[in-house]
Amino acid sequence: MSIVNNASIHPSVDVSQRELLIEARSVSYRIGNRQILDSVDIAVNRGEIVTLIGTNGAGKSTLIRVLLKLIKPDQGSVIQHPGLRVGYSPQHVHRDSILPLTVRHFLALGESISLDQIRELLEEVGVGNILAQPLTGISGGELHRVMLARALLRKPDLLVLDEPMAGVDAASQSELYSLIGDIRDRYGCGILLVSHDLYMVMADTDTVVCLNHHVCCTGHPQTVITHPGFISVFGKDLSNTLAIYSHSHDHDHSTHRPEPETSGRHA
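Fair warning: this is a prediction, and the values are worked out from it, not measured in the lab.

What counts, and at which threshold
- Residues numbered from 1 in each chain as written.
- Predicted model: local features only at pLDDT ≥ 70, side-chain atom pairs only at ≥ 80, totals over all residues.
- Heavy atoms only, no water.
- Helix = DSSP H or I, 4+ residues; strand = E, 2+ residues; numbered from the N terminus.
- Buried < 20%, exposed > 50% of the residue type's maximum accessible area, 1.4 Å probe, protein only.
- Contact = heavy atoms within 4.5 Å.
- Areas by Shrake-Rupley, 256 points an atom, 1.4 Å probe, with all protein chains shown as cover.
- Pairing = 2+ DSSP bridges.
- Axes fitted to C-alpha atoms, helices over the stretch in contact; angles between N-to-C directions.
- Polar contact = N/O pair within 3.5 Å; in protein donor to acceptor, adjacent residues only side chain to side chain.

K.L.:
Teacher, can you tell me more about the overall build of the protein here?
P.N.:
Of regular secondary structure, the protein possesses 10 helices and 9 strands. Here the protein, with 267 residues, has 49% of them falling under the buried criterion. Taking the contacts inside the protein whose residues are at least 6 apart along the sequence as the reference set, 71% of them involve residues at least 24 apart. In the structure as shown, the protein presents an accessible area of about 12200 Å², 50% of it carried by carbon and sulfur atoms.

Right, dumping it as structure tokens:
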């Protein structure tokens with residue numbers, strides 16, 4: 001899909017309109033005798049950053065695959081906005097040194113896009129200087145930004161980012177989270193973020209969904225961290241630490257949406 005000009009890269013969208021982009025309703029999924037997902041509900045609206053958290057094996061990757069309709073749930077349903085455009089950045093990208101690709105050629109694969117448009121996208125995500133570098137030679141943080149640029153090629157309504165901070169140092173993580181928030185505002189898209197980094201998540205997201213095969217709790221970060229479901233998964237000590245961290249880094253998203261109520265079942 002080609003990108004014609006600045007207007008097409010930054011479509012004008014009123015993010016105050018809470019348009020539902022994607023929703024899972026009572027989704028369940030099993031592999032053999034293992035219950036991977038149990039009656040899971042989750043929704044992402046336009047202009048909203050929703051972060052999915054949980055321990056390893058909690059079902060986060062499976063839920064993403066169900067939402068993207070890559071696998072079919074055993075029970076429940078997935079609703080997508082008609083014509084929904086999704087940009088996806090996976091957790092792992094295999095970089096083959098035997099077949100080296102420059103960043104420029106990687107972004108152009110399968111796309112009708114000019115050099116100027118590629119350069120503009122890379123500038124937008126903060127790595128305009130690596131255009132001609134081999135993909136195998138850039139850092140982990142730079143790779144995440146390149147994958148973000150590729151996800152933006154489709155001018156998505158919904159960005160799905162699977163562990164975008166993996167292998168990135170703390171200073172770069174803060175910059176990346178800030179960039180993700182800026183992209184949400186510029187594109188007027190919804191963002192579904194999978195993350196293990198609870199400290200950053202609690203400061204830089206609108207809604208948190210805590211998954212442990214079922215939804216333990218969901219809501220604003222400051223209310224989720226005190227919920228018994230969250231504490232049962234992550235522990236009281238972490239809950240207390242995050243409460244202090246979130247308070248000192250709190251910022252208001254009320255211009256976009258009212259603060260949701262916390263809901264869910266205990267783990």
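Let's pick the thread back up.
K.L.:
Hey, could you run me through the sheet that holds strand β3 (residues 49-53) in this one?
P.N.:
Strand pairs in the sheet, formed through backbone hydrogen bonds, run parallel or antiparallel to each other. An order of β5-β6-β7-β3-β8-β9 is seen for the 6 strands of this open sheet, with the pairing classed as mixed. Unpaired on one side and paired on the other, β5 (86-89) and β9 (214-219) mark the two borders of the sheet. When the angles between neighbouring strand axes are averaged without regard to direction, this sheet yields 15°. As paired strands, strand β6 (residues 158-162) and strand β7 (residues 190-194) are joined by 5 bridges and run parallel to one another. Within β7, the position partnered with Leu158 by the bridge is Gly190.

K.L.:
Just checking my understanding: could you explain the environment of Ile36 for this structure?
P.N.:
In this structure, Ile36 sits in strand β2 (residues 34-45). Considered as a pair, Ile36 and Leu63 are 27 residues apart in the sequence and their alpha carbons are 8.8 Å apart. Apart from residues no more than four positions distant in its own chain, Ile36 is found in contact with Tyr29, Arg30, Ile31, Ala58, Gly59, Thr62 and His213.

K.L.:
Any chance you could explain the side chain of Thr207 here in plain terms?
P.N.:
When you line up the elements, Thr207 lands in strand β8 (residues 207-212). A residue is classified by how much of its surface remains accessible, and Thr207, at 8% relative accessible area, is buried. A polar contact is formed between the side chain of Thr207 and the side chain of Glu48, at a distance of 3.1 Å.

K.L.:
Would you mind going over the pairing of strand β1 (residues 20-31) with me for this structure?
P.N.:
Residues in a regular strand point their side chains to alternate faces of the sheet. Bridge count for β1 against β2 is 8 bridges, and the pairing is antiparallel. Across the sheet, residue Ala24 finds its bridge partner in β2, namely Ile42. In textbook terms, the turn of a hairpin is the stretch between consecutive antiparallel strands, and for β1 and β2 this stretch comprises 2 residues, one of which, Gly32, has a positive phi near 65°. Pairing between β1 and strand β4 (residues 75-80): 5 bridges, direction antiparallel. Note on β4: the bridge partner recorded for Glu23 is Ile79.

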